[in-house]
Number of protein chains: 6
Amino acid sequence: MPWYDMPLERLREYRTSTQEPDGLDDWWAGRIAEARALAEPLTRTPHQPGLYDPFQVDDVEFSGGGGDRIRAWHFRPRGNAAAPMVVKFIGYGGGRGVPAEHVLLPALGYALLVMDTRGQGGRWTSGATPDGGTGTGPENSLVMTRGITRPEDYYYTRLFTDAALAIDTAIKLAGSGAGPGIAVTGGSQGGALALAAAALRPDVVRVCHADVPFLCDIQRAITLAPHAPYTEIPEFLAENTKLIEPALNTLRYVDCALLARRITATTLVSVGLMDDICPPSTVFAAYNEITADKEIAVYPYSDHSCPRGHTERQLAHLGKHFPAR
Amino acid sequence: MPWYDMPLERLREYRTSTQEPDGLDDWWAGRIAEARALAEPLTRTPHQPGLYDPFQVDDVEFSGGGGDRIRAWHFRPRGNAAAPMVVKFIGYGGGRGVPAEHVLLPALGYALLVMDTRGQGGRWTSGATPDGGTGTGPENSLVMTRGITRPEDYYYTRLFTDAALAIDTAIKLAGSGAGPGIAVTGGSQGGALALAAAALRPDVVRVCHADVPFLCDIQRAITLAPHAPYTEIPEFLAENTKLIEPALNTLRYVDCALLARRITATTLVSVGLMDDICPPSTVFAAYNEITADKEIAVYPYSDHSCPRGHTERQLAHLGKHFPAR
Amino acid sequence: MPWYDMPLERLREYRTSTQEPDGLDDWWAGRIAEARALAEPLTRTPHQPGLYDPFQVDDVEFSGGGGDRIRAWHFRPRGNAAAPMVVKFIGYGGGRGVPAEHVLLPALGYALLVMDTRGQGGRWTSGATPDGGTGTGPENSLVMTRGITRPEDYYYTRLFTDAALAIDTAIKLAGSGAGPGIAVTGGSQGGALALAAAALRPDVVRVCHADVPFLCDIQRAITLAPHAPYTEIPEFLAENTKLIEPALNTLRYVDCALLARRITATTLVSVGLMDDICPPSTVFAAYNEITADKEIAVYPYSDHSCPRGHTERQLAHLGKHFPAR
Amino acid sequence: MPWYDMPLERLREYRTSTQEPDGLDDWWAGRIAEARALAEPLTRTPHQPGLYDPFQVDDVEFSGGGGDRIRAWHFRPRGNAAAPMVVKFIGYGGGRGVPAEHVLLPALGYALLVMDTRGQGGRWTSGATPDGGTGTGPENSLVMTRGITRPEDYYYTRLFTDAALAIDTAIKLAGSGAGPGIAVTGGSQGGALALAAAALRPDVVRVCHADVPFLCDIQRAITLAPHAPYTEIPEFLAENTKLIEPALNTLRYVDCALLARRITATTLVSVGLMDDICPPSTVFAAYNEITADKEIAVYPYSDHSCPRGHTERQLAHLGKHFPAR
Amino acid sequence: MPWYDMPLERLREYRTSTQEPDGLDDWWAGRIAEARALAEPLTRTPHQPGLYDPFQVDDVEFSGGGGDRIRAWHFRPRGNAAAPMVVKFIGYGGGRGVPAEHVLLPALGYALLVMDTRGQGGRWTSGATPDGGTGTGPENSLVMTRGITRPEDYYYTRLFTDAALAIDTAIKLAGSGAGPGIAVTGGSQGGALALAAAALRPDVVRVCHADVPFLCDIQRAITLAPHAPYTEIPEFLAENTKLIEPALNTLRYVDCALLARRITATTLVSVGLMDDICPPSTVFAAYNEITADKEIAVYPYSDHSCPRGHTERQLAHLGKHFPAR
Amino acid sequence: MPWYDMPLERLREYRTSTQEPDGLDDWWAGRIAEARALAEPLTRTPHQPGLYDPFQVDDVEFSGGGGDRIRAWHFRPRGNAAAPMVVKFIGYGGGRGVPAEHVLLPALGYALLVMDTRGQGGRWTSGATPDGGTGTGPENSLVMTRGITRPEDYYYTRLFTDAALAIDTAIKLAGSGAGPGIAVTGGSQGGALALAAAALRPDVVRVCHADVPFLCDIQRAITLAPHAPYTEIPEFLAENTKLIEPALNTLRYVDCALLARRITATTLVSVGLMDDICPPSTVFAAYNEITADKEIAVYPYSDHSCPRGHTERQLAHLGKHFPAR
């Protein structure tokens, strides 16, 4: 994919033109309060005892959006009760998979909570969490238009609430390791969730790593991105033309370019100038709203696959701002 | 797409090798009884008064699977209280759309109930019905794996139950027009729903038109069909390998090749030998189980798009077995 | 497909830069006069008696461009001799199909003439009309470059002449129903034919519905549209470089953005801002030339598939400007 | 494309199951007689004098099927009045192009007649010949279904007749060079024309080179080939189901697997076992019917692009059976 | 991709029909001896000190095929000198990437040597090793036909020799950890390398994990696989027809279905029945030749992406047959 | 492909923004001197005696970049010792093939040297030349990133040096025919090589034909071209981000838009405005730097396939500036 979006100079200055809904903070506070009110205690079950021996790996279940039970993996390096805690979110279509996929940070001395993605987990890795009432497990699904007619009913409202409550869960699980706060990380949809968690929980999220984040400047993205998942929305609105207005309104509530203004965490974002899933201008739209300490890694020839070497930049950033001990 | 499935001689004799679950009739009776127990009265709202003037067109809402409210269009030719009633079901991704899409049978003197498809209606036409708890309207969705881990929770269990209860609704709406029973019709997923409605309500469904029906001999179909929607299932099971057994079990409950044995209606099926969405052997697998009066229109060079001229064969068949007055 | 054409503000003001050929009106008058001079009487054969019972459906043959015989369907609601008459044209690759495809307007009280498309009808529906000397029936064909070297020989000159003479035929068939003039309708190529018929017969065409019309601002379209059928022309001119000049000249004679200036009918156009078959600027190029009473339905997230719900807007428009009785 | 057709052992024994029409020889004799009766004298115009200096290159026009004028290039090596004559036919979509594309055989001492393809020449190279009444020049066209409802009207009946009359023309142009008879050559559609010319003119065609020939065992080909042009026919018959019988009947008249039985020329055929345009079994179906002296070059890993090195095998074969002087 | 290869019952019994070259063991012994004779000492440079803190990660360079220097990552869990050693190989197009990609086994207590892939590393991850004389680093390359005309010159001869010498290197680096021998692992091309290393070093390789292995039963694979990289070979032989014989001969020297007979390691293979990169029959062709203790994980709905959950089966297998301490 | 690059007016004025490396002339002089120092005598072997009878065709081998032996075809019209000499270069993926592919210019009285492409020749035609140390023959390869980290090691440095030394070889072979200097020709990669040969040997190259040339304004091309081969570079740099700087630097040494300034030959370039392999602005970037006598053939509707009729323009240009005798 060529450089189809703005040149880099303009990307660095680009600002979203989407208006923030009135009372966005109160609205989100309401969502989270509602979810907490419905929450049941978290449960922990050891996963495959012995298989990941230097680590204790638990299959965790906590209450997320609307009180729905959300699965997660919790890693704790054995013998390191004070390991600082990172929360990791997963990209579109995926779920928490198996713990083997997530061992990097635990190996380097971090506790880790990997939040499953409700109603996903049916495409490139496995999952374990249904989306509320209509499923009994993971799905090979499209979720961009689920409940889109009303912000309170939107899939991503539930999922962002899950992310906010995953922070609660992480603090509980971290124990003394929660001292320096929580770090969040993820790529694509996981990057959106990292930004959202940092924005919704600015009190405790201290470091945020968001790779090629999805769900930023969404109103622009759906007119520019040539590939799924953004295209799910124009496909839907092509026929359901009476839902255009309510859908555009709903999308404002979960737009990370608007939420990003609340972030206080030290933030590291990555962007590929050839990204045809999450157009670079939409990533910059979020990055440019962040007022906290921040950096952006610009990869001029990369598409939506963040370079694998970027992980070392993240580890160094984490080592500096959120050291393992 | 070439002739990639069996030659026609073998298709005519092919029988599914999937075993019917024990107690399938009781199980479905349970589903329907459960839904009826939860049902609320149907509602009718006139749609766009005057726009379809020779017809009364109502926006109907009835209770379907799990008591969920299902939308539908109801056409009644003005001044023909005894018009016989046809129930129409919609293909994958679609919903009831607008009444203008369905005027053929009403124009020829039939009453018509067009059932919306819960949680669909977001791709090639519009919809109006959420899938139970997680939506507030139509979705641009994939539904093949939603709730697939348990037959009671499977999306298609709910949807087939909607179809069975649409027959109840049709009888109520038809009044004296229900005398000759009910006819059902649809293509692809709509064809599966027509077969399912005929199988689940053999007492009242007298004529069944199923074009290039989906959801027949599913265990074979998911190993043979190169394109969506059948491929949603192997994509899902590729990673969620622990769910292979429960998923295959669930699929048996909604397999129209197994349900077809219950059909008493005079049935007209169509099949394209180049159909790469619903492989011809899977269509024959259902057709070959039907013991009622039946015909199959074999189109050797057609793919999943049933020839438009087939409609005239359907009208002639309907005129003979289910005349408009 | 993203918004790849101009932003909506510029679309609303965009004007074609293609120059109208000198004497375009005389030239078209000559074509039509020539065709009328060669015309033989129209013939009518009842189609499938009884199958469409409330309607009389005739298989009609009339003389079109160059005197070639053109097939059509004629619907007349039984017992309504004064039903106003609509003429419907078909999209690229298609033909008149079977009457069942066209029953909407007759059901609502209109007489309808569905003109077959010479030398097409071989792809997504059936046809019955050869293109003059070289065929004996429908074809799975490409026609964009047939006869393109000389305007008099161009396929679309013949086809537009067919459309003009279909209006003559409609008037004859309508009888007293022709009182309020004739309405024309169609989508894509059918939209181009509707515009052309309205432009070539401004004396009698009173209402024009053109959905996502093809063949507007053609010289621009062939440099912008990424998909067929416009791409047939650059593919052809890529090698036949000596034919570039004559081909561009020929295209001016059938460019609906130039012809549109002659329209006197009340016109309703639709456009999808994601239409990658007929780029939105080319649709606006035609719309912006119309000086008659006009409206345009802009669908921001739709591609070349006009939303199905748009039909209700058309019915309301027809009900207001061309009521059924 | 994998080896998707029969294994080589079975290919070598495969026979077509299509029945030859009764009286096929008489029927073709009638076509050719009819064309000859309508023929006008051939004309010759020097092309770009001096540009191809060691050769005289003429733009030739002769009468082909139905008396239509067919363009061709005629090369004669200057100063070699007795050069033996080869007739070359062109592949689907192409035309005679420019002489520069055909200089190989003239350079090696042959006279050459390159027949243009009526109504084609609009895709990968240029053309100059319309298809009878409806064109004024080359077209970017599909021709597989043009006139398919009646053998007398079928496009390929006309084109094969052109090929037969091109042999007449070649003899006239060759003068004393026609002593050893005529050789024919071509690939794909050109290969079909070479086989057809050899079959229809067994009296004078002495050598036949047919690379990866098209239009052999057509009834099988249209159920097996995954790509155009064979797919044009199933696409057409998918909707025009009433034309299936007449179309299948028509195809028998131009099936080179049936015509091949008449060939007396020494024949060299090539086939690629990965050819997904012209399936290898269909090529063998023609080859296996030839009773004359013959060879087949089997390329196990080639698709429809005959290896370029095969030309040297053809030159050697020509040198042996049809030497340049 | 459907089940396009043999049914599972036949897969379990399928044997390759490719003949093993005479003297294959001697030939490989020669290759390895030659490489060892040219070898220079291995070098070790600490990588990013501190970044992977619980591990010592070294950038290693050793001499492989033809004496070329090969890069690798070496992980040693700090404070565990006796950690058993696993050697990991990489899939087609990839290289060793960054250490972060490989931390799983070190985290569980293993030493790990990740061998870079000469002349690859330019597509989905990065690399560092040129292929001998013509490169100075990684390449975005195709290698299937590099040197294919002679077994001694073939790319995969060099690469398999690298793998054999990586075992030498692993033993040196493991120190006392080499007591239980060496384990090898990899997927796709990495799976082929794992099989090859186990076959070429049956004296020391004790456990072999080969996921969806490439380069098995190659002569069949190149006629069956619809996608790259196997298709590189037919694409090449399509034109270079004179090289068919030597190329097929060369491929026999690196065919893991032939080499597999030498394996003594306890082996775990995985296969996806929908794998359209490495057809399942070719994987079984290798598996069925293994006479050592072995298991195969058959994933009926998986394509070339081995299920991520399979890693846990591998960890359990490793824990049983090659425990971390 | 639409007109996706600049409008023609801007193309005519566009200048590359890539900076020429300091000392570029000296650097190239060094490369060539180095190669000449390593050169061995050229060898000539008659190819297929008699097959191309009016021509003597030799299989030639000469020393190119780094002293590597490069294969070529040499045509000399028998009995014309003073035939002027053209050197022809081949497009990406191809090699010299067989002589039959190149007979046009010899047939018109020119001597011709067709240079094989090292390490290519494995895709659309055959080859015979390995790329130095790692191959023994042609390859189905990607070469855009081979050795890209250092200009001295880059594949295209070697290949351009081959082209420069092919000129030496041509002069030797031409004998008295070298009087008017040498002409060079080629398309795509062959066009780049023609430009490079003219730029590196301005002393003897008198006419240069470069069709749709590749490798011009490369830094822009890799951000704009949607298809291979330019995309090989961004694919590579997407992951190998540390090599971005050295790679961009290397590309400057072989950028024909920079080298073009040295051309003294009369030059004819062609460009397609719909070329999506070699974007038109990159072709103009080279053309606009040429200060010698020049023309450009602009084909507005052509893609990367230069129109076949362009050959006649080239022949006329050659006849005027470089006559055959």
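Residues numbered from 1 in each chain as written. Chains lettered and ligands numbered in written order. Predicted model: local features only at pLDDT ≥ 70, side-chain atom pairs only at ≥ 80, totals over all residues. Heavy atoms only, no water.

Undergrad: If you had to explain the interface of chain C and chain A to someone new, which residues and values would you point to?
TA: Listed as interface residues are 11 residues of chain C and, on the opposing side, 12 residues of chain A. Carbon and sulfur atoms make up 64% of the area that chain C and chain A hide from each other, which totals about 920 Å². Viewed at the interface, chain A and chain C are joined by 0 salt bridges. The interface formed by chain C and chain A includes 3 residue pairs in polar contact (both at pLDDT 80 or more). Each residue belonging to the side of chain C that touches chain A can be placed in one class, and the counts come to 8 nonpolar, 2 polar and 1 charged. (Contact = heavy atoms within 4.5 Å. Buried area = accessible area lost by both parts, 1.4 Å probe. Salt bridge = Lys/Arg side-chain N within 4 Å of Asp/Glu carboxyl O. Polar contact = N/O pair within 3.5 Å; in protein donor to acceptor, adjacent residues only side chain to side chain. Nonpolar A, V, L, I, M, F, W, Y, C, P; charged D, E, K, R; others polar.)

Undergrad: Which residues make up the relation of the copies chain A and chain B, and what values go with them?
TA: What connects the two chain copies is a rotation about an axis and a shift along it. It takes a turn of 180° to lay chain A on chain B, together with a shift of 0.0 Å along the axis; the resulting RMSD is 0.0 Å. Such a turn and shift between the copies fits a two-fold axis. In this assembly the copies share their binding face: 100% of the residues contributing to the interface of chain A also contribute to that of chain B. (Least-squares fit on C-alpha atoms with pLDDT ≥ 70 in both.)

Undergrad: I'd love a proper account of helix H5 (residues 189-200) of chain B, names of residues and values included.
TA: Taking 1.5 Å of rise per residue, the 12 residues of H5(B) would be expected to cover 16 Å, and the 16 Å separating its terminal C-alpha atoms lies within 8% of that figure. Of all 12 residues that make up H5(B), 12 are buried, and the element is covered over most of its length. (Helix = DSSP H or I, 4+ residues; strand = E, 2+ residues; numbered from the N terminus. Expected span 1.5 Å × (residues − 1). Buried < 20%, exposed > 50% of the residue type's maximum accessible area, 1.4 Å probe, protein only.)

Undergrad: Give me the pairing of strand E2 (residues 55-63) of chain E: which residues, what numbers.
TA: Residue and element names in this part refer to chain E. Counting buried residues in E2 gives 7 out of 9 residues, a clear majority hidden from the surface. With 4 bridges connecting them, strand E1 (residues 43-46) and E2 associate as antiparallel partners. Paired with Thr45 across the strands is Asp59, a residue of E2. Both E2 and strand E3 (residues 69-77) contribute to a ladder of 9 bridges, which runs antiparallel. Paired with Gln56 across the strands is Arg76, a residue of E3. Between E2 and E3, which pair antiparallel in sequence order, lie 5 residues; one of them, Gly66, sits at a positive phi of approximately 65°. (Pairing = 2+ DSSP bridges.)

Undergrad: Give a description of the state of the cysteines that names residues and reports values.
TA: For the structure on display, the rule yields 0 disulfides over all chains. A:Cys216 provides the cysteine sulfur closest to A:Cys278, a residue in no disulfide bond, and the two sulfurs are 7.5 Å apart. On the basis of relative accessibility, which here comes to 0%, the residue A:Cys278 falls in the buried class. There is no disulfide at B:Cys216, and the cysteine sulfur nearest it, in B:Cys256, is 4.9 Å away. (Disulfide = S-S within 2.5 Å.)

Undergrad: Tell me what's going on with the pattern of salt bridges, and back it up with residues and numbers.
TA: According to the stated counting rule, one finds 155 salt bridges over all chains in the structure shown. Residue A:Asp131 is joined to A:Arg118 by a salt bridge in which the shortest nitrogen-to-oxygen separation is 2.8 Å. In this pair, A:Asp131 sits in the loop between strand E5 (111-115) and helix H4 (155-174) while A:Arg118 sits in the loop between E5 and H4, placing the two residues 13 residues apart along the sequence. Notably, a salt bridge pairs B:Glu295 with B:Arg313, separated by 3.0 Å at the nearest N-O pair.

Undergrad: Tell me about the relation of the copies chain C and chain A, residues and numbers included.
TA: Relative to chain A, chain C is turned by 120° and slid 0.0 Å along the rotation axis, the superposed coordinates differing by an RMSD of 0.0 Å. Accordingly, the operation relating the two chain copies is best matched by a three-fold axis. Across chain C, the smallest distance between a C-alpha and the rotation axis is recorded for C:Tyr4, namely 6.0 Å.

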